[in-house]
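# Breakdown of the fold
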Amino acid sequence: MGCPDTEEEATAAVSTPTSFYTIGTPGKPWTDVERAQWKAGTKIQRSYKEEVLDRLDKLDSNIWEVVQYGALSHDPQRYPLFTVKSRNWQGNKPSLLVTGGIHGYETSGVQGAILFLQSQAKYTNDVNILVAPCVSPWAYEHIQRWNADLKDPNRSFKKGSETEESKALMVYLESLNVEQWTCHVDLHETTDTDGSEFMPAKHAEAGLMYEAEVIPDGFYLVGDSENGQLDFQEAVVANVRKVTHIAPPDNNGNIIDEPVVKDGIILVPAKELGLCCSVTGGEYVATTEVYPDSPRATDEICNIAQVAAITGALDYVLSQKN
């Protein structure tokens, strides 16, 4: 915890692209030619079936119901969409939504959601739980931020959205007729490839050069500036702190160019940005961000940190409802 101790450590956390992205021309937004070139350069790098679907099949069916809510139209057999719902669903209990894999490359968002399902069934006694562990399966397999149509699902949770992954989840959630979601935890990562690949590509699509950013070393939370609930956010951070380190602010007191309002917490206008965490209008909402490229982290630590964020949120919610 705290700021990097040496100049070398601080520099290691800064992305420093030295040239324009490999596709496109500075000053010229992409056309369909460049978009096709980008997609042609993607490839399947892991298995959605083996790493996600097969694990959902092994969940305790007495506790969890696996529900298909759609499929990606460009390959519906390979990319069915699933949620996992607690069977003991009762209208008088608080309701929690957990989402993972909105950005498919962010591995612990998916695997952390699955680990929560495997290890924390006890919470279903007191809370209605719905988990969408891998909202963007094409991006998960291809280790990409965009979907197959070069759209960012986590900027697409808006009325009238045509981003398929986001639209499918919104339609499904509406069909459940939940009167009031109590809590929504959306699981994400911030990675070194944000600075070396995904942000440069996003800027290049608009014809822009990407400028270097500090990649936060550690866990942080993104809350909704319209509904900060800082006591809730602090409770989540405190629980995560038990398993991994919290990201310090940069020299300007920011994380990803946003002011740090409490240790490891920033606030942004979630609904305006079309973030997934805004989709329910829940009383308590948060987007988690773990840093898997830290020398102090492992895949296992990142997955456990995601679970700690969810259980920290649940413990806080239950403490307020009792």
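Bear in mind that the values here come from a model prediction, so they are computed numbers and not experimental data. (Residues numbered from 1 in each chain as written. Predicted model: local features only at pLDDT ≥ 70, side-chain atom pairs only at ≥ 80, totals over all residues. Heavy atoms only, no water.)

## Let's talk about the overall build of the protein chain
- Helix and strand content of the protein chain: ten helices and ten strands.
- In terms of overall dimensions, the protein chain is globule-like: its C-alpha atoms have a radius of gyration of 19 Å, near the 20 Å expected for 322 residues.
- In terms of overall dimensions, the protein chain has C-alpha extents of about 55 × 45 × 35 Å along its principal axes.
- Among the 322 residues that make up the protein chain, the fraction classed as buried is 54%.
- For the protein chain, restricting intrachain contacts to residue pairs at least 6 apart in sequence, the fraction spanning at least 24 positions comes to 78%.
- Total accessible area computed for the protein chain in this model is approximately 14,600 Å², and 46% of it derives from carbon and sulfur atoms.
- Averaging the coordinates of the 26 positive side-chain charges in the protein chain and doing the same for the 47 negative ones gives two points 6 Å apart. (Helix = DSSP H or I, 4+ residues; strand = E, 2+ residues; numbered from the N terminus. Rg over C-alpha atoms; globule rule 2.2 N^0.38 Å. Buried < 20%, exposed > 50% of the residue type's maximum accessible area, 1.4 Å probe, protein only. Contact = heavy atoms within 4.5 Å. Areas by Shrake-Rupley, 256 points an atom, 1.4 Å probe, with all protein chains shown as cover. Lys, Arg positive; Asp, Glu negative; His and termini not counted. Charge placed at Lys NZ, Arg CZ, Asp CG, Glu CD.)

## A word on the confidence of the model for the protein chain
- Confidence in the prediction for the protein chain averages 94 pLDDT; 94% of positions are at 70 or higher.
- Long-range and interchain partners of residues 1-12, a stretch whose pLDDT sits below 50, account for ten contacts in this model, where long-range means more than four residues apart. (pLDDT = per-residue confidence, 0-100.)

## Re the pattern of salt bridges
- This structure, assessed with the given rule, holds eight salt bridges.
- Among the ionic pairs, R35 bridges to D32, the shortest N-O distance being 3.5 Å. With R35 and D32 both in helix α2 (residues 32-40) and three residues apart, the pair spans about one turn of that helix.
- Note that R78 is salt-bridged to E141, the shortest N-O span being 2.7 Å. Note that R78 is positioned in the loop between β1 (64-71) and β2 (80-86) and E141 in helix α5 (residues 137-142), a separation of 63 residues in sequence.
- Looking at R78, the relative accessible area reads 35%, which means it is partly exposed.
- Among the charged side chains, a salt-bridge network with shared partners connects D32, R35 and E205. (Salt bridge = Lys/Arg side-chain N within 4 Å of Asp/Glu carboxyl O.)

## Observations regarding the environment of V67
- Of note, V67 is situated in strand β1.
- A relative accessible area of 18% places V67 in the buried class.
- The sequence separation of V67 and T83 amounts to 16 residues, and the corresponding C-alpha distance is 5.3 Å.
- Ignoring sequence-local partners within four residues, the contact set of V67 consists of L81, F82, T83 and Y172.

## Remarks on the packing of helix α4 (residues 107-119) against helix α10 (residues 299-321)
- In contact at an axis separation of 8 Å, α4 and α10 are set at 60° when each is read in the N-to-C sense. Overall, the two elements α4 and α10 adopt an arrangement that is oblique. Crossing hand, α4 versus α10: right-handed. Residues S108, G109, Q111, G112, L115, F116 and S119 of α4 form the contact with α10, whose participating residues are C302, N303, I304, Q306, V307, I310, T311 and L314.
- Among the residues forming the contact of α4 with α10, the class breakdown is seven nonpolar, eight polar and no charged. (Axes fitted to C-alpha atoms, helices over the stretch in contact; angles between N-to-C directions. Parallel < 35°, antiparallel > 145°, perpendicular 65-115°, else oblique. Left-handed = near helix turned anticlockwise from the far one by under 90°. Nonpolar A, V, L, I, M, F, W, Y, C, P; charged D, E, K, R; others polar.)

## Side note on the sheet that holds β1
- Reading across the sheet, the eight strands line up as β1-β2-β4-β3-β5-β10-β6-β9 and stay open at both edges, with mixed pairing between neighbours. Bordering the open sheet on either side are β1 and β9 (265-268), each of which pairs with just one other strand. The average angle at which neighbouring strand axes cross in this sheet is 20°, direction not considered.
- Direction of pairing for strand β3 (residues 95-99) relative to strand β4 (residues 128-132): parallel, over a ladder of five bridges. Considered in β4, the bridge of L97 is made with L130.
- Contacts between helix α6 (residues 164-175) and the sheet are confined to β1, β2, β3 and β4, with β1 contributing the most and set at about 130° to the helix. (Pairing = 2+ DSSP bridges.)

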